[in-house]
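For reference, the chains in residue letters:
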Amino acid sequence: MAKTKNTPEINKDINDADSIDINESINEKESGQTDNDTRDTEQNESLSDQLSAEKDKYLRLAAEYDNFRKRSAKEREMTYSNARTDVISKLLPVYDNLERALKMECADESFYKGVEMIMTQLTETLGDMGVQIIPAIGQPFDPNRHNAVMSIENPDLGENIIAEEYQKGFMLGDRVIRFSTVVVAN
């Protein structure tokens, strides 16, 4: 085979063709890399947004659970308090009847002593439960604790002082279970 001699003109054409191909290849790689960088940046931003959205959902769910837990505890406490109040309210007529029985004259001393012991036991039990008798006679009238059913004129007592008590009132902590039924002077 015959060897061809590369002439300067042919060499120039070959070099030009090679350099064009290399430059185009480099440009394609750079533009592809730039496109990849742009895609990677957009993907990172998208993932970052998704992560932040999921983190926000998690924090909201955690806060909602904490609120639910607190609300449930408060509801349990209120249910217990309401149940105690209901039971005590049902015992108060028994207290009233024992009090009336002690005010009546009785010929049988041992019977009277037995009723007195039952009354003492009931009073102690109510006290152990946190129930307090609302003070009334001689105290100033308080509409948040007393229920006035009558008013009388009494120069010995001051204005809005309780003169008589028809029915004792009771409190459980700061909550009034039953208002005192009273007569107010002046």
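The coordinates are above.
Source: prediction; values computed, not measured.

Rules used in this analysis
Residues numbered from 1 in each chain as written. Predicted model: local features only at pLDDT ≥ 70, side-chain atom pairs only at ≥ 80, totals over all residues. Heavy atoms only, no water. Helix = DSSP H or I, 4+ residues; strand = E, 2+ residues; numbered from the N terminus. Contact = heavy atoms within 4.5 Å. Areas by Shrake-Rupley, 256 points an atom, 1.4 Å probe, with all protein chains shown as cover. Salt bridge = Lys/Arg side-chain N within 4 Å of Asp/Glu carboxyl O. Buried < 20%, exposed > 50% of the residue type's maximum accessible area, 1.4 Å probe, protein only. Phe/Tyr/Trp six-rings, centres within 6.5 Å; stacked < 30°, edge-to-face > 60°. Patch = residues over 30% accessible without salt bridge, like charges linked within 9 Å, V, L, I, M, F, W, Y side chains within 5 Å. 1 Å grid on protein atoms, 1.4 Å probe; cavity = no way out; pocket = protein on both sides within 12 Å on 5 of 7 lines; lining within 4 Å. Points joined across faces, edges and corners; volume = space filled by probe spheres on them. Pairing = 2+ DSSP bridges.

*Asks:* I would appreciate a short explanation of the overall build of the protein in the present structure.
*Replies:* Looking only at helices and strands, the protein has 2 helices and 6 strands in total. Looking at the protein alone, contacts between residues at least 24 apart form 63% of all its contacts between residues at least 6 apart. For the protein, the exposed area adds up to about 14500 Å²; of that, 53% sits on carbon and sulfur atoms.

*Asks:* For this particular structure, what's the right way to read the pattern of salt bridges?
*Replies:* Charged atoms that come close allow side chains of opposite charge to pair. Taken as a whole, this structure holds 9 salt bridges when the rule is applied. With a closest N to O distance of 2.7 Å, Asp-96 and Arg-178 form a salt bridge. Placement of the pair is Asp-96 in helix α1 (residues 8-103) and Arg-178 in strand β5 (residues 175-178), with a sequence separation of 82 residues. For the pair formed by Asp-96 and Arg-178, the shared burial category is buried. Overlapping salt bridges, with partners in common, bring together Asp-66, Arg-69 and Lys-70 in one network.

*Asks:* Please clarify how the packing of aromatic side chains should be interpreted in this entry.
*Replies:* The geometry of two aromatic rings is summed up by the distance between their centres and the angle between their planes. One pass over the full model with this rule turns up 1 aromatic pair. Geometrically, the ring pair formed by Tyr-95 and Phe-170 is edge-to-face, given 5.1 Å between the ring centres and 85° between the ring planes. On the criterion of sequence distance, the pair formed by Tyr-95 in helix α1 and Phe-170 in strand β4 (residues 169-172) is long-range, its members being 75 residues apart. Using a relative accessible area of 1% as the deciding quantity, one classes Phe-170 as buried.

*Asks:* Which parts of the structure should I look at to understand a nonpolar patch on the surface?
*Replies:* Together, Val-149, Met-150 and Tyr-166 give the surface a local cluster of nonpolar side chains, amounting to about 300 Å² of exposed area. Relative to the elements of secondary structure, Val-149 occurs in strand β2 (residues 146-152).

*Asks:* Would you mind showing me how to read the layout of surface pockets here?
*Replies:* Gaps between atoms show up when a probe of the same size as a water molecule is rolled over them. By volume, the largest pocket amounts to about 160 Å³. Lining the largest pocket, in full, are Asp-96, Glu-99, Arg-100, Lys-103, Glu-165, Tyr-166, Gln-167 and Lys-168. Breaking the lining of the largest pocket down by element, the ones donating at least two residues are α1 and β3 (161-167). Sorting elements by how many residues they give to the lining of the largest pocket places α1 first, with 4 residues.

*Asks:* Explanation requested: the pairing of strand β6 (residues 180-185) in the structure shown.
*Replies:* Moving residue by residue along a regular strand, the side chains alternate between the two faces of the sheet. Among the 6 residues in β6, 6 count as buried, and that is most of the element. Of the two faces of β6, both are covered, the one formed by Ser-180, Val-182 and Val-184 as well as the one formed by Thr-181, Val-183 and Ala-185. With 6 bridges joining them, β2 and β6 adopt parallel strand pairing. Looking at the pairing, Asn-147 lines up with Thr-181 of β6.

*Asks:* In this structure, what is going on with unusual backbone geometry? I would like to understand it.
*Replies:* Note: most peptide bonds trans; most residues except glycine with negative phi. Of note in this structure, Asn-160 is not a glycine but carries a positive phi near 60°. For Asn-160, a relative accessible area of 39% corresponds to the partly exposed category. In this model, Asn-186 sits at a positive phi of 60°, which is unusual for a non-glycine residue.

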